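# Overview (structure and organization)
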Amino acid sequence: MSLLTGSANCIKYVLFAFNLVLLITGIILIAVGLGVATVYNEYEIFLASKFFSIPTFLIVIGSFIIVISFFGCWGALKENYCLILTFSVLLGIIFILELSAGISGYVLRSDAESLIKVTLTDSLNKYNNTKVDEVTVLWDYVQKTFTCCGVNSYKDWESKFHDNLPLSCCSLPNGVVGQFSCTTNNEDSNRYSNGCLTEFSNYIAAHAVSLGAAGVIIAILQFFGVLFSCYIAREIKIRNGISGFVG
C-alpha cells in the first residue's frame, strides 16, 4: 500500500518518469562524449591532453547516471526512504560534476586557439617530406580538409622549404597531367590563402561547445530531479515516522 497521497503521490510518479528520462540522458552523454572523443582522436597529434579529459569525463558520468537511475526508479516505486535518499545524494554529486564539466567545455572553447597554436607550430617543424610519418600525413589531411596552408599562413613553411610548399597547400586544378608544383609565388592562384589555425581551432572549439551544452542542459534537468527526490524522501520520512537522517 502506498504511503504517499495527493501531490506527494503524483510527484512520486513524476520522479519515476524522470528517472526514465535520466536513463536516456545518460545514454546521450555517453554518445556525445564518444562522438567528440572520436573526432578529437582523429587529430590527436595536434591537441593537448585536456581536450580528451572532458569527453572521457562525460562518458564516465553518463555510465554512472545509468546505474543510479535504477536506484531512483526502484526507490520511487517502493517508496523506500533510504534508496531515494541515496539517489538524491548521488544525483546531487553528479549535478555538481556535470555542471563543472559543462563549464569546462565552454572554457576550453575559449582556450582552443591558443592551445592548438602551440601544437601546430611544434608539429610543423616535424613535417618530413622524405620519410612520411603520422605528423606529415595529418598536416596534409588538415590542409586539404580545411583548405588552408601553414599555421597562420603559407609563409610558415618558408623556413623549411623556402619557395616550395607541401602539395596539400594547393588545390589541384582540373586536367593536371604529370608534375604539379605548389609554391610561395604570389602568382600561384592554386595556393590556399588562409592559415589552418583559425578554421581548425574553430572546428575543435565547436565540439567543445557541444560538450559544454550537453553537460549544462542535462545538469539543469538533474537539479529538478534532486528537488523531486528530496521532497519524496521527506514525505516518506514523515509518513513512516522516521527520525534522524536515515532513520
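What counts as what
- Residues numbered from 1 in each chain as written.
- Predicted model: local features only at pLDDT ≥ 70, side-chain atom pairs only at ≥ 80, totals over all residues.
- Heavy atoms only, no water.
- Helix = DSSP H or I, 4+ residues; strand = E, 2+ residues; numbered from the N terminus.
- Buried < 20%, exposed > 50% of the residue type's maximum accessible area, 1.4 Å probe, protein only.
- Contact = heavy atoms within 4.5 Å.
- Areas by Shrake-Rupley, 256 points an atom, 1.4 Å probe, with all protein chains shown as cover.
- Polar contact = N/O pair within 3.5 Å; in protein donor to acceptor, adjacent residues only side chain to side chain.
- Core = buried A, V, L, I, M, F, W, Y, C linked by side-chain atoms within 4.5 Å.
- UniProt positions renumbered as here; feature names shortened; annotations may be inferred.
- Patch = residues over 30% accessible without salt bridge, like charges linked within 9 Å, V, L, I, M, F, W, Y side chains within 5 Å.
- Salt bridge = Lys/Arg side-chain N within 4 Å of Asp/Glu carboxyl O.
- Disulfide = S-S within 2.5 Å.
- Phe/Tyr/Trp six-rings, centres within 6.5 Å; stacked < 30°, edge-to-face > 60°.

Glancing now at the overall build of the protein chain. Of regular secondary structure, the protein chain possesses six helices and zero strands. The linear arrangement of helices and strands in the protein chain, starting from the amino end, is α-α-α-α-α-α. Among the 247 residues that make up the protein chain, the fraction classed as buried is 44%. For the protein chain, the proportion of contacts with a sequence separation of at least 24, taken over those separated by at least 6, is 73%. Carbon and sulfur atoms make up 62% of the accessible area of the protein chain, which totals about 12700 Å².

Looking now at the side chain of Arg191. Positionally, Arg191 belongs in the loop between helix H5 (158–161) and helix H6 (196–240). Overall, Arg191 belongs to the buried group, its relative accessible area being 14%. A polar atom in the side chain of Arg191 sits 3.3 Å from the backbone oxygen of Thr184. Here Asn185 takes part through its backbone oxygen, which lies 2.7 Å from a polar atom of the side chain of Arg191. Not counting chain neighbours up to four residues away, the residues in contact with Arg191 comprise Tyr154, Leu165, Cys169, Cys170, Thr183, Thr184, Asn185 and Asn186.

This brings us to the environment of Ile27. On the secondary structure map, Ile27 appears in helix H1 (residues 6–42). Distance from Ile27 to Ile66, taken between C-alpha atoms, is 7.4 Å for residues 39 residues apart in sequence.

Below, the discussion takes up the nonpolar core. Counting 60 residues, the largest nonpolar core has Trp139 and Phe200 as its most contacted members. Among all residues touching Trp139, those that are not within four sequence positions of it are Phe46, Leu120, Ser123, Leu124, Tyr127, Gly150, Val151, Trp157, Ser168 and Cys196.

You can see Thr184 is positioned in the loop between H5 and H6. Overall, the relative accessible area of 11% leaves Thr184 in the buried class. In contact with Thr184, not counting residues within four places along its chain, are Tyr154, Glu158, His162, Asp163, Leu165 and Arg191.

Within the secondary structure layout, Ile45 lies in the loop between H1 and helix H2 (50–78). Overall, the relative accessible area of 32% leaves Ile45 in the partly exposed class. Measuring from C-alpha to C-alpha, the distance between Ile45 and Leu120 comes to 8.8 Å, with 75 residues separating the pair along the chain.

Following the UniProt record, one finds the feature "transmembrane region" (unreviewed entry) at residues 12–40, 52–74, 81–108 and 204–233. Measuring from the first to the last C-alpha atom of residues 52–74 gives 34 Å, for a span that is 100% helix and 0% strand. Helix makes up 100% of residues 204–233 and strand 0%, whereas the separation of the span's terminal C-alpha atoms amounts to 43 Å.

A few words on a nonpolar patch on the surface. Together, Phe57, Val89, Ile93 and Leu97 make up an exposed nonpolar region whose accessible area comes to about 310 Å². At three residues, helix H3 (residues 81–124) tops the list of elements feeding residues into the nonpolar patch. Along the chain, the position of Leu97 falls in helix H3.

Time to look at the state of the cysteines. Here is the idea: a disulfide is a covalent bond, and it sits between the sulfur atoms of two cysteines. Within this structure, the stated rule accounts for three disulfides. What pairs with Cys148 in a disulfide is Cys196, and their sulfur atoms sit 2.0 Å apart. The chirality of the disulfide connecting Cys148 with Cys196 is right-handed, given an S-S dihedral of about 95°. Here Cys148 is found in the loop between helix H4 (134–145) and H5, whereas its partner Cys196 is found in helix H6, with 48 residues between them in sequence. Both residues of the pair, Cys148 and Cys196, count as buried.

So, on to the packing of aromatic side chains. In this description, an aromatic ring pair is defined by two values, namely the gap between the centres and the angle between the planes. On inspection of all chains with the given rule, the structure shows 16 aromatic pairs. Relative to Trp157, the ring of Tyr127 lies with its centre 5.0 Å away and its plane at 70°, an arrangement referred to as edge-to-face. Note that Tyr127 is positioned in the loop between H3 and H4 and Trp157 in the loop between H4 and H5, a separation of 30 residues in sequence. Each member of the pair, Tyr127 as well as Trp157, carries the same accessibility label: buried. Residue Tyr127 is classed as buried on the basis of its relative accessible area of 7%. An aromatic cluster of three or more residues is present, and its members are Tyr43, Phe46, Tyr127, Trp139, Tyr141, Phe146, Trp157, Phe161, Phe200 and Tyr203.

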